[in-house]
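# Residue-level structure breakdown
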Amino acid sequence: MQFEISREALIKPLQLVTGVVERRQTLPVLSNVLLVVDKGTLSLTGTDLEVELVGRVAIAANAEDGEITVPARKLMDICKSLPDDATLKFEFENNKAIIRFGRSRFSLSTLPANDFPAVEESAGTLEFSLPQRVLKVMLDSTSFAMAQQDVRYYLNGLLFEVSADYLRVVATDGHRLALCTEVIQVSTTTKSQVIVPRKGILELSRLLSDSDDEVRIVIGTNHIRAHTPNFTFTSKLVDGKFPDYDRVLPKGGDKILTAIRNDLRQALNRTAILSNEKFRGIRLLLSNDELKIVANNPEQEEAEEIINVEYRGAPLEIGFNVSYLVDVLTVVNTDSVQLILSDSNSSVLLKATEDNPSLYVVMPMRL
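First, a word on scope: everything that follows refers to the structure included in this document. (Residues numbered from 1 in each chain as written. Predicted model: local features only at pLDDT ≥ 70, side-chain atom pairs only at ≥ 80, totals over all residues. Heavy atoms only, no water.)

Our next topic: the packing of helix α6 (residues 261-272) against helix α7 (residues 322-331). Relative to each other, α6 and α7 sit at 150°, their axes nearing to 10 Å. Looking at the two axes, α6 sits roughly antiparallel to α7. Regarding α6 and α7, the two cross each other, and that crossing is left-handed. Note on element contacts: α7 touches α6 through Val-322, Leu-325, Val-326, Leu-329 and Thr-330, opposite Arg-261, Leu-264, Arg-265, Leu-268, Asn-269 and Ala-272. Considering only residue class, the contact of α6 with α7 consists of 7 nonpolar, 2 polar and 2 charged. (Axes fitted to C-alpha atoms, helices over the stretch in contact; angles between N-to-C directions. Helix = DSSP H or I, 4+ residues; strand = E, 2+ residues; numbered from the N terminus. Parallel < 35°, antiparallel > 145°, perpendicular 65-115°, else oblique. Left-handed = near helix turned anticlockwise from the far one by under 90°. Contact = heavy atoms within 4.5 Å. Nonpolar A, V, L, I, M, F, W, Y, C, P; charged D, E, K, R; others polar.)

Structural data, given as structure tokens:
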């Protein structure tokens, strides 16, 4: 097995694949990347047994076919250290990978390709395609609300809900909820729900581009796969039932506040400086066309901000974890936002005033 490849062509798929590989592994081969040369295509595969990523790049047709695994991080570091215009020559002999560039020579230990675990192939039960850009926006606008290491393991991921005419993704950690819906056509007569684990979502979002190129999603009983011309991404699914998110969405809120998104976000960030470092609580005091934001801490320090808003309802005082509000205002990309409230004990519904497929719910906080 031998081949030549430019550093520029190798480094992007190698970076993506190495991102999947965990630094600390119980199995030595899981620290490696699988290199497969077949008919002028080099495939690079990395996995941690939960997530698998295969990147593909074209190489010279005179390459010698074969497969082997090499240490992922070391190969990545070698590529990073070489000049941008370098061309690398790979050869394999005596259980070593020899990488040459000019007068540089690197010898890496290898492990047999047969030792490399493959994610089991399972037939897909549901398949659909959408632009990479659209799916990336959906993931980026909701994934921040996923739980981290929650004992309710089904919250440590993102719900994909697929029906005949829409794809919806939902994330919640029990304190806030993010939901995004896109109209797509799917050849199915039923509504399906699967939970993709946190690491799978973060890796998939990293892979997707801002282009209109299609990504094909295949959902099976235990796995979800994303196919593009350059990579195939596979993640195991979380075995669990996601909460009924529809019950969490506030209904019938009669107090509507409209604010300039950036003004509100900056005011919250400034006020948060003097909030309680542990609980991050702030109070919102609403009155006619005015919002007062107040924070204080155990050191008796206090911050107060007043911003102009559109609000004509009855006066209202309500407390929130400021981080949850700022997270929403960071991912919403419109000029203004609406906060729909009922009373000081009910969740707030946040949404963009312009056409935007996302909704957000944040629970109040007693202060």
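What follows concerns helix α3 (residues 132-140). For α3, the complete set of buried residues consists of Gln-132, Val-134, Leu-135, Lys-136, Met-138 and Leu-139. Buried residues along α3 sit in contact with β9 (126-131), β10 (157-162), β11 (166-172), β12 (176-183), α4 (198-207) and β14 (214-219). (Buried < 20%, exposed > 50% of the residue type's maximum accessible area, 1.4 Å probe, protein only.)

Read from one edge to the other, the open sheet built from 4 strands follows the order β1-β6-β7-β8, with strand pairing classed as antiparallel. Taken across any chain shown, the strands that pair with only one partner, and hence form the sheet edges, are β1 (2-6) and β8 (104-109). Strand-to-strand twist of the sheet, defined as the mean angle between neighbouring strand axes without regard to direction, takes the value 20°. Of the pairings in the sheet, the one linking β1 to strand β6 (residues 87-93) comprises 5 bridges and is antiparallel in character. Within β6, the position partnered with Ser-6 by the bridge is Thr-87. Docked against the sheet, helix α1 (residues 7-20) engages β1 and β6, running at close to 95° with respect to β1. Together, β6, β7 (96-101) and β8 form the strand contacts of helix α2 (residues 72-81), whose direction differs from that of β8 by roughly 170°. (Pairing = 2+ DSSP bridges.)

Attention now moves to the pairing of strand β24 (residues 358-362). Of all 5 residues making up β24, 4 are buried, and the element is well covered by its neighbours. As judged from the 5 bridges shared by β12 and β24, these two strands associate in the antiparallel manner. Bridging across to β24, Arg-176 finds its partner in Val-362. Where strand β23 (residues 348-352) folds back on β24, the antiparallel hairpin that results is connected by 5 residues.

Residue position: Leu-34 is located in strand β2 (residues 32-38). Leu-34 sits in the buried class, given a relative accessible area of 12%. Along the sequence, Leu-34 and Ile-256 sit 222 residues apart, while their C-alpha atoms lie 55 Å from each other. Excluding anything up to four places from it in sequence, Leu-34 contacts Ser-43, Leu-44, Thr-45, Ile-68, Thr-69, Ala-113 and Phe-116.

Glancing now at the pairing of β11. Across a regular strand the side chains alternate sides, sitting on one face of the sheet and then on the other. With respect to burial, β11 is a largely interior element, 7 of its 7 residues being buried. Neither face of β11 is exposed, since Tyr-166, Arg-168, Val-170 and Thr-172 on one face and Leu-167, Val-169 and Ala-171 on the opposite face are all buried. Pairing of β11 with β12 involves 7 bridges; the strand directions are antiparallel. Paired with Arg-168 across the strands is Thr-181, a residue of β12.

Take it as geometry only, folks, not as evidence of what the structure does.
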